[in-house]
Amino acid sequence: MPTAIDTSLREIAEQSNAWPFEEARKIVARITKQPKEEVIFETGYGPSGLPHIGTFGEVARTTMVRHAFRVLTVDKIKTRLIAFSDDMDGLRKVPDNVPNKEMLEKHLGEPLTKVPDPFGTHPSFGEHNNSRLRAFLDHFGFEYEFLSSTDCYTSGRFDKALLTVLERFDKVMAIMLPSLREERAQTYSPFLPISPKTGIVLQVPVLAHDAKAGTITYEDPDTKAQVTTPVTGGRCKLQWKPDWAMRWVALGVDYEMAGKDLIDSVKLSGEICRALEGQAPEGFNYELFLDENGQKISKSKGNGLTIDEWLRYASPESLSCFMYREPKAAKRLHFDVIPRTVDEYQQFLDGYQKQDAKQRLSNPVWHIHSGNPPQIEMPISFSMLLTLVSSSNAENAETLWGFIGRYRPGVTAQTHPKLNAQVEYAIHYFRDFVQPTKKFRQPAAVERKALTDLRDALSNLPKAASAEEIQDVVYEVGRREPFLDQKKKAKDGKPGVSLDWFNMLYQVLLGQEKGPRFGSFVALYGLNNTIDMIDGALARSA
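Residues numbered from 1 in each chain as written. Predicted model: local features only at pLDDT ≥ 70, side-chain atom pairs only at ≥ 80, totals over all residues. Heavy atoms only, no water.

### Thoughts on helix α18 (residues 397–407)
Looking only at α18, the buried set comprises Ala 397, Leu 400, Trp 401, Phe 403 and Ile 404. Down the axis of α18, the sector holding all buried residues measures 155°, keeping them to one side. Exposed and oriented more than 90 degrees from the buried face of α18 are Glu 398 and Arg 406. Along its buried surface, α18 packs onto α17 (382–392), α19 (417–437), α23 (518–525) and α24 (527–540). The opening residue of α18 is Asn 396, an N-cap whose side-chain oxygen sits 3.2 Å from the backbone nitrogen of Glu 398. (Buried < 20%, exposed > 50% of the residue type's maximum accessible area, 1.4 Å probe, protein only. Helix = DSSP H or I, 4+ residues; strand = E, 2+ residues; numbered from the N terminus. Arc of directions from axis to C-beta. Contact = heavy atoms within 4.5 Å. Polar contact = N/O pair within 3.5 Å; in protein donor to acceptor, adjacent residues only side chain to side chain.)

As C-alpha cells, this is what we get:
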C-alpha cells in the first residue's frame, strides 16, 4: 500500500461516487463521532472446506475500502486488516471436494483444528485450509494480520469479552430466542462447551451460569451427569452470532462486510454487540456468488471456482477486477466469466492513462492497485488469443508466438512478459474447456455459398492487408440474405450486417459460439491459414 497520500487527492476522493469511497466515508463519520487511534477492518473465513474465490473477494474488497479510507484521512489514522478464521467451529459435515471422507466422518463435531487433515499435509483440517487461504492472500501481496479463533480462545485473548457475555447472558438470550424456531429455542445456549472427554463442540442446554465464578453448568450428553466448566481458556466457544458480536467487541472491529444472505445475522449480532456495550462495525452486504446453475457457491460442496483454478487460467489482477465490479449484483462465478474479465481488466488499464484525476478514482484499476496502476501494453486481447489457440490447435507457446511475431513484428515473450503469461493462460483454458466441447456446425446451402465467396474475396487481398481492410471485405461478403440487418445502416447507406453472419463464421469455421472481431483474427492468423480453414469447413460439409 502507498506510504504517502496526496492532500489534493483527498479533495477529489471526497466527491467520488466509487463504492469504496462511499464505504470509507461511513467509517470517517464513525470515527469523527468517536475518535480512535487505529481503525480495524475485519474479514471472516469459515475453514470447513477449501477456500473459494468468494472468500478472497471479501479480503480484496475490504482492502479497497481500507485504501479509500487512507486517502480520505490522508493516512493520519493507523489501520489494520484482520483476516479471521473460525477454525474452532465443529465440523458439521464432510465436504464433497476432499479425499479420505471416511476418516473425516469419525471426527464430526470436533473443532476444525482438531480434525485430522485429509490431505495429510498439516496437523489439522482447519490448519490446512487456513494455509491455503494465507498462501493466496500472500500471493496477492495483501497486507493483513491472520487470526485463528482457536488461538484467540485458548490463549485467553477472548476471556474478558467471554466473561462480559456471561454477565449479560440473559440479555443475549432475549435477543436470540425470538429469532429461533420453538424447538431450537428450548435448548439454545450462546455457550458451547468443549467436551473434555471427546473434544466435541457440544450443542447442549446450559442448566446454570455463574458470572462471578465465570462458569456454566450443563448435562453431559453421554453420562447425564452435570458438568461445570469455565467459559474461558478455550473450554467453551460461542454460537456463531454471539461469537461474531463478541469478536467485534474483543478486537475493536470498525468495518466488516458480509454476504446478502447474512443481513439478518448482521442485525442480530449488532444487537448483541450493543448489549455487550460495544459498537457494531460499519459495513455493507454484497450479493452472492453463484455457480453455473445459479446456486450459491459453497466451500463444502466445491461448486464454485477455487482460488487455484482461477490462477491457472488468468492473472490475479483480473480476479480483483471481477471482485470490484458491481458488488451488490449477483455474479455467476464459473469458468466462462474468465475471458471476458481478463479483457475488461486490460481495457480499464488502457483507459486509465487517458483519464483525468476524477475519472481515475472511478476506474477499477485504481482501486485494484491501491492508486498506482501499472502501464501494460497488451497487443492482443485474451479472447483473440483463445480464438488463435482454437483455430491453430496450438499445443505450445512457440506456435502462438510465431503467429504473434508475424502480426506484430518486434513483440516477443521477452519484450512483453505479461502477454507471455496470457499465452500460457490461453493454452490452459483451451485444453481444459474449449477443446473438449468443440463442435463444428454444418453450414446451410446459403451459408456455403457465402463462405465460398468469402474464400474468393480473401484470396484477392494482398498478403499485407490490414485488419480493417479484411474486416471491410468480410462485411461486404456478408451483406446478403439471410444476414442483412435492415435496422442497421452502413456508411454508404446500405443495409447493415447482423451478428448472425459473424456468429456463423465462428460456429462453422472454429466450432465455437462467438469470437473477437473477425478481421483482426484473420490478420493475426494469416490470410492463407484462414483460406485453408474455410476450405476445410467446406470439405467437411460437402
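### Looking at unusual backbone geometry
In this structure, the amide linkage connecting Glu 481 to the following residue, Pro 482, adopts the cis form with an omega of 10°. On the secondary structure map, Pro 482 appears in the loop between α21 (467–477) and β14 (484–489). With a phi close to 45°, Glu 326 is a non-glycine residue in the positive phi region. Along the chain, the position of Glu 326 falls in the loop between α13 (316–324) and β13 (331–332). Assessed through its relative accessible area of 52%, Glu 326 is described here as exposed.

### Remarks on the sheet that holds strand β5 (residues 206–210)
The pairing of strands in a sheet happens through backbone hydrogen bonds and is either parallel or antiparallel. With antiparallel pairing, the 3 strands of this open sheet are ordered in space as β5-β6-β7. Edge positions in the sheet fall to β5 and β7 (226–230), since each of these pairs with one other strand and no more. Each neighbouring strand pair of the sheet contributes to a mean axis angle of 20°, computed without reference to strand direction. (Pairing = 2+ DSSP bridges. Axes fitted to C-alpha atoms, helices over the stretch in contact; angles between N-to-C directions.)

### Side note on the packing of helix α3 (residues 53–72) against α13
To characterise two packed helices, one gives the angle between the axes of the helices and the distance between these axes. The contact between α3 and α13 brings their axes to 9 Å, and the two run at 80°. In terms of orientation, α3 and α13 fall into the roughly perpendicular class. Together, Ile 53, Phe 56, Gly 57, Arg 61 and Met 64 of α3 and Leu 319, Ser 320, Met 323 and Tyr 324 of α13 make up the contact between the two elements. When the residues that make up the contact of α3 with α13 are grouped by side-chain class, the tally is 6 nonpolar, 2 polar and 1 charged. (Parallel < 35°, antiparallel > 145°, perpendicular 65-115°, else oblique. Nonpolar A, V, L, I, M, F, W, Y, C, P; charged D, E, K, R; others polar.)

### Digging into helix α8 (residues 169–176)
Of all the positions in α8, only Phe 169, Val 172, Met 173, Ile 175 and Met 176 are classed as buried. When α8 is viewed along its axis, its buried side chains cluster within an angular range of 160° and face the same direction. Opposite the buried face of α8, at more than 90 degrees from it, the exposed residues are Asp 170, Lys 171 and Ala 174. In this structure, the buried side of α8 is in contact with α7 (159–167), β4 (191–193), β5, α10 (240–251) and α11 (263–275).

### With respect to the packing of aromatic side chains
This structure, assessed with the given rule, holds 26 aromatic pairs. Where Phe 483 meets Trp 501, the ring centres are 5.1 Å apart and the plane angle is 55°; that geometry is what we call tilted. Pair noted here: Phe 483 is in the loop between α21 and β14 and Trp 501 is in helix α22 (residues 499–509), with a separation of 18 residues, a long-range link. Judged on exposure class, the residue Phe 483 and its partner Trp 501 are both buried. Ring centres of Tyr 506 and Phe 518 lie 5.5 Å apart, and the angle between their planes is 80°; this geometry places the pair in the edge-to-face category. Taken together, the residues Tyr 506 in helix α22 and Phe 518 in helix α23 connect sequence positions 12 residues apart. Comparing Tyr 506 with Phe 518 shows no difference in burial state: the two are buried. When the ring centre of Tyr 352 is taken as origin, the NZ or CZ atom of Arg 360, which lies over that ring, is 4.3 Å away. (Phe/Tyr/Trp six-rings, centres within 6.5 Å; stacked < 30°, edge-to-face > 60°. Lys NZ or Arg CZ within 6 Å of the ring centre and 35° of its normal.)

### Some points on empty space enclosed by the protein
Over the atoms, a rolling probe the size of a water molecule traces out where space has been left empty. Applying the stated criterion across every chain, the model contains 2 cavities of 30 Å³ or more. Approximately 40 Å³ is the volume found for the second largest cavity. Taken together, Thr 43, Gly 44, Tyr 45, Thr 55, Val 59, Ala 83, Phe 84, Leu 133 and Leu 137 make up the lining of the second largest cavity. Counting residues per element, the lining of the second largest cavity draws most heavily on strand β1 (residues 38–45), at 3 residues. Grouping the constituent residues of the lining of the second largest cavity by class yields 6 nonpolar, 3 polar and no charged. (1 Å grid on protein atoms, 1.4 Å probe; cavity = no way out; pocket = protein on both sides within 12 Å on 5 of 7 lines; lining within 4 Å. Points joined across faces, edges and corners; volume = space filled by probe spheres on them.)

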